[in-house]
Structure formats: structure tokens, C-alpha cells
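The residues making up each chain are set out below.
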Amino acid sequence: MAAAMPLALLVLLLLGPRGWCLAEPPRDSLREELVITPLPSGDVAATFQFRTRWDSELQREGGLSVLLKADRLFHTSYHSQAVHIRPVCRNARCTSISWELRQTLSVVFDAFITGQGKKDWSLFRMFSRTLTEPCPLASESRVYVDITNYNQDNETLEVNPPPTTTYQDIILGTRKTYAIYDLLDTAMINNSRNLNIQLKWKRPPENEAPPVPFLHAQRYVSGYGLQKGELSTLLYNTHPYRAFPVLLLDTVPWYLRLYVHTLTITSKGKENKPSYIHYQPAQDRLQPHLLEMLIQLPANSVTKVSIQFERALLKWTEYTPDPNHGFYVSPSVLSALVPSVVAAKPVDWEESPLFNSLFPVSDGSNYFVRLYTEPLLVNLPTPDFSMPYNVICLTCTVVAVCYGSFYNLLTRTFHIEEPRTGSLAKRLANLIRRARGVPPL
Amino acid sequence: MGLLSDPVRRRALARLVLRLNAPLCVLSYVAGIAWFLALVFPPLTQRTYMSENAMGSTMVEEQFAGGDRARAFARDFAAHRKKSGALPVAWLERTMRSAGLEVHTQSFSRKLPFPDETHERYMVSGTNVYGILRAPRAASTESLVLTVPCGSDSTNSQAVGLLLALAAHFRGQIYWAKDIIFLVTEHDLLGTEAWLEAYHDVNVTGMQSSPLQGRAGAIQAAVALELSSDVVTSLDVAVEGLNGQLPNLDLLNLFQTFCQKGGLLCTLQGKLQPQDWTSLDGPLQGLQTLLLMVLRQASGRPHGSHGLFLRYRVEALTLRGINSFRQYKYDLVAVGKALEGMFRKLNHLLERLHQSFFLYLLPALSRFVSIGLYMPAAGFLLLVLGLKALELWMQLHEAEVGLEEPGGAPGPSVPLPPSQGVGLASLVAPLLISQAMGLALYVLPVLGQHVATQHFPVAEAEAVVLTLLAIYAAGLALPHNTHRVVSTQAPDRGWMALKLVALIYLALQLGCIALTNFSLGFLLATTMVPAAALAKPHGPRTLYAALLVLTSPAATLLGSLFLWRELQEAPLSLAEGWQLFLAALAQGVLEHHTYGALLFPLLSLGLYPCWLLFWNVLFWK
């Protein structure tokens, strides 16, 4: 994703305290049910049930929702929808509360494909729509464009039409500048009957990429063969001078048998001892391994956390229908308080833009980040579930039977038993001869 | 079983085996060779077919049209490469980045155990460049690889050009479900090995390399490309990998499908495939291809950079553009379309390629012989060793019975059990000596190269090869009469016991080799079995000795070189053959150290000592 230098566009729509829940509503006017299932492929499946469907609601309203055109949205590198519901105080003393509903849709456009290799963009090129009118129900309808200048020297990009106002704030520890287009401002749309915001780079934006985040991570399986392997997680702290702790949470399926004594954590070539380890071993077919560690990441370093495992043989009914695809191992979860470059001030919820107030900061000196690494695909030893498998089973049986008889033949000695013709006298004579050391008769 | 447990019938059967041993051995050997030759005829060779559902039913439409772009990239690349004298890393990075890939580099260095005179390198350091095309809406769990190995000479520029043009074309498409890695490696296979080891975070061969910055999950399949001209007359496909590993047959089927679809001329082992299988011409031509494949697979070296991927269970093959004097030529667009089609179909894969055969022989591109059909050939050959061993065992046993019966030695001593009678104590010394020779052959040449260069006017590489040959020959002159000191047994029983052990040792080794690398096992069995079966200290000993020397592992290697060049229709003179033989010895040792090829340790630690045992048997008196 980083190569594409994608444009993240966050469309936030509010049907907040001023919308549905204006008066004291009856308790069951909004019936809801939420099921959240984390999938091993890294996704989190969330199933909501609302009495109103949000897309139909949006389609009717106009405003920003005219941009939500399915075929463009599904042409992107990434998209995610979310709904947040929370109680908010209706007055200073918080004697009564309202429920706030937020629906978010985040889309990552592949600037390389939509822009034919250039990184310029416009609303029309992304959505094949332009904005024509504000939402009649909305009390606030705005478009924010991130125009932060990372290069200190001069202006490198320009937006068209020029914004009437700009907004500066601290987002995730860095100062950002946004151009604001207020659709309720009548001058904005009336001039040309539509608003098509465009962004142009003045120079090729090779070195204009936003700085990499202070904390990022990578995960992979190493080793080859179907017996053993190693899970490695690389934690990058790119902050030039601040170290900070990270809580690393790994859940590994039981069929990868972890060797905990092989757990090694190294930063800058030295062993890094975690200040806290919680390990809950797996139980076959019941629960996965759970490994939780608090690791201090030194400034400007890469920390490698690796642990070896052995692949278990499953029972043959336990394989998935596509066993040769491999088995997913869920991502590691990193939680950290990342130090800010610029201290943020506490936000005033009502006044600041929506995207800023979703995850409010409590302390200005750092901000909370939760990261999920990529999921892994691990191949387990897989029998060939086809005709040859049956043949192998049959052959093994035959070989086992043959082996038994041959082993029997090879380890036993056979003697021809002479018929017992001798009389008692002869046997007695032989006894005496044997005692004398003379060959028997 | 009843037959064997009845002592009377058992004795009759044993007599039969003893009396008919020689004809049975000859029959079995001939049957083995005949079976192998029969593999090219239609009932045993079958048409290939696509087994993988995900690649079979859907037809893709190739849209690649970047022929000019590929040629322009190739020209630029060649110019930059000429200017800098190495891989133009910065240019590649820039070009890949402007094509919209996520680009990383990896530097590596490796000091070879001794100078490689074929490739003219000793202290190797280089940089690999790779760009990752991230599939949209995917979590980077699976990937495909397109790789171009660049050597020190100026070949393969067109392959890099085509790789870059394909990358630019692929980047614009939205249908990718797997990430695609475009990899350009320096120092051909060494670079590929360094990259693969770093990607899987293992160190197999002692390569020093920087860790990779970007990964793309489990690699599902890889295609290596070698092109050195703007137009090609045909595409040659190489499948034989490290230690004789082969990719899944479906990958080859996929290539063949797109050869047919694009009307491309495709060859295997440089041979066109015969059209007519009903007459004798087709199978005979198929036999040539088959023998070439057997020789290549038996060599255990990676024939193209795809061979190194196979260790990591990544199905891979190498496509080589051949430009010969034929009239009709294809441009890069045709090759690019074939590659595009292959990648789109591989992109459809839901599981790793596993449906089709992993162990097969190819008499032609569209014909194959499965493992079930070719294994009997090796089985018949190994049966000879089994029959001989059985005969020896019975003779030893009978000799013992015979010793006791007429002698009737009176005395209090009870008769010894037969296993003790074989006299294992006398075998310890020859076994230890030959194994020690094998160990010396494995260790000394590389360890002692510096000593050799100090005392003799030779270069390191020469020193290694000459030490190899010297130790090999010295093994023949070792004292083989230790048994006289150790044991006072009847002389016949000693060599028979030794030969029995040697036969079983050889049969076990060849059986194991044939299971993992059929070609090598079969080739060694064909040559070593007759001499091994014949070796004994009576009769025409000089004839036996000559036969044994001619079928020793080194002589087999020399003979294989001549046969190989003969099949390629480029016969060797004796002097050339000898030079090639020396180079092959050096390459074999080098490949063991740089890629982990197992042929050298297998021959020096396993088969050479075993062969020495037969030599020992021959000169028992």
C-alpha cells in the first residue's frame, strides 16, 4: 500500500444528537444487535442489525453520499465500514444522555491506477461524481483535504478550487493542515453548480511521501520443510530519540506447537528482556497458545521477536476442505502509547471536526495505537486426500502383512523332526553316550 | 508363505535359486534396461493433462502489448549495466518505483570455498533488487515470483526489459489476488540463493546477506526467465532443480497450454517434440529427450534459477528464449503474453499446486511417465543385487553345514550359530578403511587446497580437483589384506561375507537414491550392478578389475558427459571430455558448498566407499 501512496479519504457522516435522538426517545426506537467475530485472515467480521438500513438512507439524502458509488468504491485497494454508537451527555451535569450514532466508511484509492501513474487526483476521477448540493438534513457538511507540507522549503501541492479556510490540528502526534470546503457555504457550490476538488503536485512527489509512522510491524514464517518453522515479528520504532513500550499479543493455533524456550527478542543485536510475559499454553483441540509480552522498543531500532514451532499432524477429519491452501495464523496485536512529536491539546468535542474526536487523546504527550500485523499462511503436513492416498493405505497394509510373515520366516529356524522310532533302550544308550562325550547312535 | 516354511520345499527352492542364479540375474538386468527403454512407447508414456481445477476451465485473454516498452527497458538496462559494470541497482529501483511497485534491495556476499573457474568468481558480493506488486484488497498472504537471474556477462537484458514491461502492465490490472514479486538477482544463482534464504530467514549455505525489508507471504509459484535477444525462435523450458527435484507437472502443463494457445514453438531439453508416436521415429526421438532429462536430473544441479526455489516447496520452472537460425521468429509480445497468461492462471490458484505428479519423467513436452511406471526399471536392476546376496548367504550357510557334516569333528564344542560363522570381525577393517577413504575424499580437497598450492605449482581450483582424483586413485592402492592379520578363517568365507555386506549396502543406497532421484539411482544401478555382481577373487581378475574401474562413480560421470554431448549432437573429443570432466568435478564440489547439492557427499561418503569394498573383494588374495 505504501508504494501506491494511496489517498485515504475518510467520509464521516453524522446523524448525531441532533438527528434521531433529538427528544427523549422511547428506549427501543433503535433496536440493535452487534456480533463481532475476528477472522484469522486479519479481518474482523461485524454483523449489525439496525431497524434502518444506512445505504438507503444515504442514497436519498444527497450531500456527500452522492459520492458513494459502489462500482468505484469496490475498485479500490481497501475499504472498511464501521459504526460507532456511544452515549453522550446532553448537558454539563450529565443528567440525561443521548445516543450518538456514527457510521464511517474508509476507502483507500490506488492513486497509481486511478491517476494513470500520476499522484494527482480529483473527486471526479475517484468517484466519477462531483458534489452538487449539501445534504438538506445536515447541520454541518464539510470536506477536509490534507494539505500538510512535509517539505519545509516551499509549497509542493495546490488544491483547486482554493479553500476558503484551513484548519490545523495535531493528529496522531503530528501537526496536520487541512483545507476546508463547507458545502453549506452557498458560495461554494453556486458558482459553478458543482464542486470538483482537485489536487495537483507541483513537483513529482518522489520525496514528498509522508513520513513513516513511528511504530510499524511485519510478521513472517521462516524455515522450510513441513516439520519445523519459526514465527518472527519485526517491530520498528523509527522515533529518533524516544523509546516506548509495546504490548505484543500473539494467539497461535494449537497445531503449531510453540517451543517457548526458543523465544528470543533482540534489538540492535542485543537481547531485549521483556518486562512482562504472560503465557498460556495451548490445549490440543481446545484452546490456542496465548503469549503476551511487554517489550521496550529502543529508539530508532528494529526488534525481532521470534519463536520456533513444530507442525502437528492433524486427524484426517480435522483438515479443511482446502488443506493445501495452508492454515491461517492470526495476526499479532500491538498496543502502544506512541510519543507525539507535537504535544496535542485536549479536544473540544463539539467544535472540532469529526475525524478528530473519534479517538480522543487523554494525554498530550503520546497517543494510543493498536496495530495488527499481517496474517500468516502456514502449510501443515497434509496427506494426499485422493486416489493415491487410498493406494498408499492399501499398500501399507499389504506390506505390513508381508513383513510379518517374512520376519517370522527369517527369525525362526526350521528343523526336520525325525520320526520317534527309537526304543527305550536306544534312548538310554544315547543318554550314556552323551554323558561319555561320544556321538549318539 | 507355506512354501517357505516347509523345510523340504524351502530347500528345493533354495537349490533352484542357487542353480539358476546367473540366468536369473542376467534376465533381471536385461528386464530392467528393457523396461526403461520401453518407457517411451505409448502404453507406458501418457499424454499430459491438467489436473488443477483452478487453472483448467477458465480461459484468460492476454492483453500485454508492451513489446516496444520492453525493448526500450532492455536497451536502457544494458546501457546502464555496461556503464557501471554491475547490476544498475539505482536505475532498477527507480524504474520499478515509477512502475508503481514497492521496491526493496538486498545485498549479499559470499566467499566461495575455492575460485570458481567456470564463472570466474571467488569473493562474490552483489545486490538483488525486487519490487512487490501488492494485490488490492488482499492481506499479502500469498505471492507469485517472476525472477530474472543476471550473471556477470551481459546476457539476460531482454529478460529484465520484459520483466519491467510486464510489471508495468500487471500494475494496472485490478484482478490480482496474490502479490507478485519481480526479482532481479545478481550473480545468477548465488543471488537467487541469497534472496531465498533471506526470504525464508534461514542460512543453509553460509551466505552473508542483509535481511529483507519487504515480504509477501507464502510464495506459491515462481517463473524464471532467461532471454538474451529481441526475438526468439523458440522457448525452452527447464524443470530439473536442485538434487533432481521437479516442480509439479501442472506448472509444465500450464506452460504448454499457453505455448499452444500462442502458437509458440516450445522445446524440452532443446528438442522439439515428435509428432508421430505410432511409428518408431517418435519414440526414438522421445528416448533422446528422456535420456537427456535423466542425465540432467541425475547431475543434481539446478538447471536455472528455478531449481533453488524447489527446496522451499515453491513450484518453479525456467523459460529460456532460444534464438537460432530458423526463419520464423517471435517477438517479446508473444513471450510476454504467454507469461501474462501463466500468471493470471496461477493467480486463480486456491491451493498450492498439488493435484498433479511431482515425480515423473518427460520423453516430450506433452508426454510423461509417472513414478508407478518407471520404478520397476530400477526395481529389476536392484533385484540382481538381491539375488546375488541371497546366493552368497546360502553358500555361506551351506559351506558351514558342509564343514560340519564330513568332518564330524569330535569334541565338546557345540556348533557355532551361522551368523557368527560369517565372520563379521574380519569385515570391520575393510569397512572402516573404505569409509575413511570416503571421508578423506569429502573433506581433504577443500581443506587441503592451501597446503597443495604451497607445495605444488597449481591454482586452488586445480589443486582441489587434482586432490580429488589423487585420493580417489589412492583408494585403489590401499592395503586390502588386513583380514589376514585379523582373522584366521577359511579364505573363501572372508570375501564372501564382505561381498554380501557390500551388496546389501549398495542395494540399500541405490534403493534410497532411486526413491528420491530416480535418474541418479537408475544411472548408478545400470553401471555399478553388473560389476558388483561379478566381482570375486577367482577367474579373469584383470577383466573384472577393468570392468570395475570402468563402472566406478567417477568413470560413470565421465561416461555421462560423453553421452550427454552425444545426445545434444555436439560430440566431444577425448581431450575436451577430460577438461569438461575436471570442470564438472570442481562444479560438483562448489555446488555442494554454495547451494547444498547432495551429489558430491553422496558419491564420496556413500557410493565410493561401497565401490571400494568390491575392489577389496576382487583383490582379496
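For clarity, every value in this text was computed on a predicted model and none was experimentally measured.

Asker: Looking at this structure, I do not really get the domain arrangement of chain B. What am I missing?
Answerer: Accessible area lost upon the coming together of the parts is a frequently used measure of interface size. All names here are of chain B. Each assigned domain of chain B is listed here: domain 1 (59–104 + 126–272 + 301–356) and domain 2 (425–619). Here domain 1 and domain 2 have C-alpha centroids that lie 39 Å from each other. With 12 residues of domain 1 at the contact, the number on the domain 2 side is 12 residues. Summed over both partners, the interface of domain 1 with domain 2 comes to about 930 Å²; 48% of that surface belongs to carbon and sulfur atoms. Broken down residue by residue, the surface that domain 1 buries against domain 2 is led by Asn243, Lys271 and Arg301, which jointly contribute 44%. In this assembly, domain 1 and domain 2 are joined by 2 salt bridges. Its salt-bridge partner being Lys271, residue Glu569 comes within 3.4 Å of it at the nearest N-O pair. Inspection of the region where domain 1 meets domain 2 yields 6 residue pairs in polar contact (both at pLDDT 80 or more). Here the side of domain 1 that touches domain 2 gets 3 residues from one element, more than from any other, and that element is helix α8 (residues 188–199). The residue inventory of the side of domain 1 that touches domain 2, partitioned by class, reads 5 nonpolar, 3 polar and 4 charged.

Asker: Help me understand the UniProt feature "transmembrane region" (unreviewed entry) in chain B in this model?
Answerer: Residue and element names in this part refer to chain B. UniProt's entry tags residues 20–41, 357–385, 422–444, 456–478, 498–531, 543–564 and 598–620 with the feature "transmembrane region" (unreviewed entry), counted in the numbering of this structure. With 52% helix and 31% strand, residues 357–385 has end C-alpha atoms that lie 29 Å from one another. Regarding residues 498–531, the helix share stands at 97% and the strand share at 0%, and the terminal C-alpha atoms are separated by 15 Å.

Asker: Explain the side chain of B:Ser370 here, please?
Answerer: Residue and element names in this part refer to chain B. Note on placement: Ser370 falls in strand β12 (residues 367–370). Looking at Ser370, the relative accessible area reads 9%, which means it is buried. Excluding residues that lie within four positions of it along the chain, Ser370 makes contacts with Phe357 and Leu359.

Asker: Is there a simple way to explain the interface of chain B and chain A in this structure?
Answerer: Chain B puts 40 residues into the contact, and the matching count from chain A is 38 residues. Across the chain B/chain A interface, buried area totals approximately 3200 Å², and carbon plus sulfur atoms make up 57% of it. The tally of links between chain B and chain A comes to 1 salt bridge. The partner of B:Asp201 in a salt bridge is A:Lys304, and the shortest N-O contact between them spans 2.7 Å. Taken together, the connections running from chain B to chain A amount to 9 residue pairs in polar contact (both at pLDDT 80 or more). Secondary-structure elements contributing two or more residues to the side of chain B that touches chain A are α1 (2–5), α2 (7–19), α6 (89–98) and β7 (218–226) of chain B. In terms of residues, the side of chain B that touches chain A owes the most to one element, α2(B), which gives 4 residues. For the side of chain B that touches chain A, the per-class residue count stands at 15 nonpolar, 11 polar and 14 charged.

Asker: Is there a simple way to explain the pattern of salt bridges in this structure?
Answerer: One side chain can pair with another of opposite charge once the charged atoms of both are near each other. Residues and elements named next belong to chain B. In total, this model carries 18 salt bridges over all chains according to the counting rule given. We note a salt bridge from Glu142 to Lys178, for which the minimum N-O separation is 3.9 Å. Here Glu142, found in strand β4 (residues 142–150), pairs with Lys178, found in the loop between α7 (157–171) and β5 (179–186); they are 36 residues apart in sequence, far enough to count as distant. Of the two residues, Glu142 and Lys178, both sit in the buried class. Salt bridges sharing common partners tie together Glu102, Arg134 and Asp179.

Asker: Hey, could you run me through the sheet that holds strand β9 (residues 165–171) of chain A in this one?
Answerer: Within a sheet, each strand pairs with its neighbour through backbone hydrogen bonds, oriented either parallel or antiparallel. Residues and elements named next belong to chain A. Here 3 strands make up an open sheet; going across it, the order is β7-β10-β9 and the pairing antiparallel. Only two strands of the sheet have a single partner each, and these edge strands are β7 (142–146) and β9. Averaged over all neighbouring strand pairs, the angle between strand axes comes to 35 degrees, with direction disregarded. Pairing of β7 with strand β10 (residues 174–182) involves 5 bridges; the strand directions are antiparallel. Bridged to Val145 within β10 is Ala179.

Asker: Help me understand the sheet that holds strand β1 (residues 46–47) of chain B, please; the structure alone is not making it clear to me.
Answerer: Residues and elements named next belong to chain B. The antiparallel open sheet is built from 3 strands, whose spatial order is β1-β12-β11. Of all strands in the sheet, those with a lone pairing partner are β1 and β11 (360–364), marking the two edges. Across 3 bridges, the pairing between β11 and β12 is antiparallel. Across the sheet, residue Tyr360 finds its bridge partner in β12, namely Ser370.

Asker: Would you mind going over a nonpolar patch on the surface with me for this structure?
Answerer: Judged by side-chain polarity, B:Leu13, B:Leu16, B:Leu20, B:Leu24 and B:Leu27 come together as a nonpolar surface patch covering roughly 390 Å² of accessible area. Tracing the backbone through its elements, the reader meets B:Leu24 in helix α3 (residues 21–38).

Asker: Help me understand the environment of B:Leu510, please; the structure alone is not making it clear to me.
Answerer: All names here are of chain B. Tracing the backbone through its elements, the reader meets Leu510 in helix α19 (residues 491–516). Judged by its relative accessible area of 0%, Leu510 is buried. Along the chain, Leu510 and Leu607 lie 97 residues apart, while their C-alpha atoms are 8.7 Å from each other. If we ignore the near neighbours within four places in the chain, the residues touching Leu510 are Leu382, Leu385, Gly521, Leu524, Ala525, Val529 and Leu607.

Asker: Just to check I follow, could you spell out the packing of aromatic side chains for this structure?
Answerer: Residues and elements named next belong to chain B. The full count for this structure, using the stated rule, is 25 aromatic pairs over all chains. Centre to centre, the rings of Tyr472 and Trp611 are 6.3 Å apart; their planes meet at 20 degrees, and the pair counts as stacked. Here Tyr472 is found in helix α17 (residues 460–474), whereas its partner Trp611 is found in helix α24 (residues 599–618), with 139 residues between them in sequence. The structure contains a cluster of three or more aromatic residues connected by ring pairs, namely Phe170, Tyr175, Trp176, Phe182 and Phe343. The ring centre of Tyr175 lies 4.0 Å from the NZ or CZ of Arg344, which sits over that ring.

Asker: Please clarify how helix α23 (residues 574–595) of chain B should be interpreted in this entry.
Answerer: Three- or four-residue spacings in an α-helix give side chains the same orientation, since the helix completes a turn every 3.6 residues. All names here are of chain B. Here α23 contains 22 residues, and its C-alpha end-to-end distance of 30 Å stays within 8% of the 32 Å for a straight helix at 1.5 Å per residue. All of the buried residues in α23 are Gly577, Phe581, Leu582, Leu585, Ala586, Gln587, Val589, Leu590, Glu591, His592, Thr594 and Tyr595. Positive backbone phi, approximately 80 degrees, marks Gly596, located one or two places after α23.

Asker: Looking at this model, I keep getting lost on the nonpolar core. Mind explaining?
Answerer: A general trend in soluble globular proteins is that nonpolar side chains are found buried together. All names here are of chain B. Core analysis: the largest hydrophobic core is formed by 182 residues, its most contacted members being Leu162, Phe182, Trp195 and Leu339. Two domains each donate at least three residues to this core, and these are domain 1 (59–104 + 126–272 + 301–356) and domain 2 (425–619). When residues no more than four places from it in sequence are discounted, the contact partners of Trp195 are Gln106, Asn128, Tyr130, Val145, Ile181, Leu183, Leu212, Ile219 and Phe309.

Asker: Is there a simple way to think about the environment of A:Lys228 in this case?
Answerer: All names here are of chain A. As for its position among the elements, Lys228 is in strand β13 (residues 228–237). Along the chain, Lys228 and Arg311 lie 83 residues apart, while their C-alpha atoms are 6.0 Å from each other. Those residues in contact with Lys228 that sit more than four places away from it in its chain are Tyr259, Phe309, Glu310 and Arg311.

Asker: Would you mind showing me how to read helix α12 (residues 332–347) of chain B here?
Answerer: Counted at 1.5 Å a residue, the expected span for α12(B) with its 16 residues is 22 Å, and the 22 Å between its end C-alpha atoms agrees. Most of α12(B) is tucked away, with 14 of its 16 residues classed as buried.

Asker: Looking at this model, I keep getting lost on the confidence of the model for chain B. Mind explaining?
Answerer: Note that predicted coordinates carrying low pLDDT should not be read in detail. Residue and element names in this part refer to chain B. For chain B, the average pLDDT comes to 87, and 93% of its residues sit at 70 or higher. Low pLDDT, under 50, characterises residues 403–420; the stretch is placed with 5 contacts to residues that sit more than four places away or in other chains. The ipTM for the predicted assembly is 0.85, set against a pTM of 0.85.

Asker: I'm lost on the packing of helix α5 (residues 67–84) of chain B against α6(B) in this one. Help?
Answerer: Two quantities define a packed helix pair, namely the angle between the helix axes and the distance between the axes. Residues and elements named next belong to chain B. Direction vectors running N to C along α5 and α6 enclose 155 degrees, while the axes themselves pass 9 Å from each other. In terms of orientation, α5 and α6 fall into the roughly antiparallel class. You can see that α5 and α6 cross each other, and the crossing is right-handed. Here Phe73, Asp76, Phe77 and His80 of α5 lie close against α6, whose contacting residues are Trp91, Leu92 and Thr95. Of the residues that constitute the contact of α5 with α6, the class distribution is 4 nonpolar, 2 polar and 1 charged.

Thresholds applied
- Residues numbered from 1 in each chain as written.
- Chains lettered and ligands numbered in written order.
- Predicted model: local features only at pLDDT ≥ 70, side-chain atom pairs only at ≥ 80, totals over all residues.
- Heavy atoms only, no water.
- Domains from an automatic or database assignment.
- Contact = heavy atoms within 4.5 Å.
- Buried area = accessible area lost by both parts, 1.4 Å probe.
- Salt bridge = Lys/Arg side-chain N within 4 Å of Asp/Glu carboxyl O.
- Polar contact = N/O pair within 3.5 Å; in protein donor to acceptor, adjacent residues only side chain to side chain.
- Helix = DSSP H or I, 4+ residues; strand = E, 2+ residues; numbered from the N terminus.
- Nonpolar A, V, L, I, M, F, W, Y, C, P; charged D, E, K, R; others polar.
- UniProt positions renumbered as here; feature names shortened; annotations may be inferred.
- Buried < 20%, exposed > 50% of the residue type's maximum accessible area, 1.4 Å probe, protein only.
- Pairing = 2+ DSSP bridges.
- Axes fitted to C-alpha atoms, helices over the stretch in contact; angles between N-to-C directions.
- Patch = residues over 30% accessible without salt bridge, like charges linked within 9 Å, V, L, I, M, F, W, Y side chains within 5 Å.
- Areas by Shrake-Rupley, 256 points an atom, 1.4 Å probe, with all protein chains shown as cover.
- Phe/Tyr/Trp six-rings, centres within 6.5 Å; stacked < 30°, edge-to-face > 60°.
- Lys NZ or Arg CZ within 6 Å of the ring centre and 35° of its normal.
- Expected span 1.5 Å × (residues − 1).
- Core = buried A, V, L, I, M, F, W, Y, C linked by side-chain atoms within 4.5 Å.
- pLDDT = per-residue confidence, 0-100.
- Parallel < 35°, antiparallel > 145°, perpendicular 65-115°, else oblique.
- Left-handed = near helix turned anticlockwise from the far one by under 90°.

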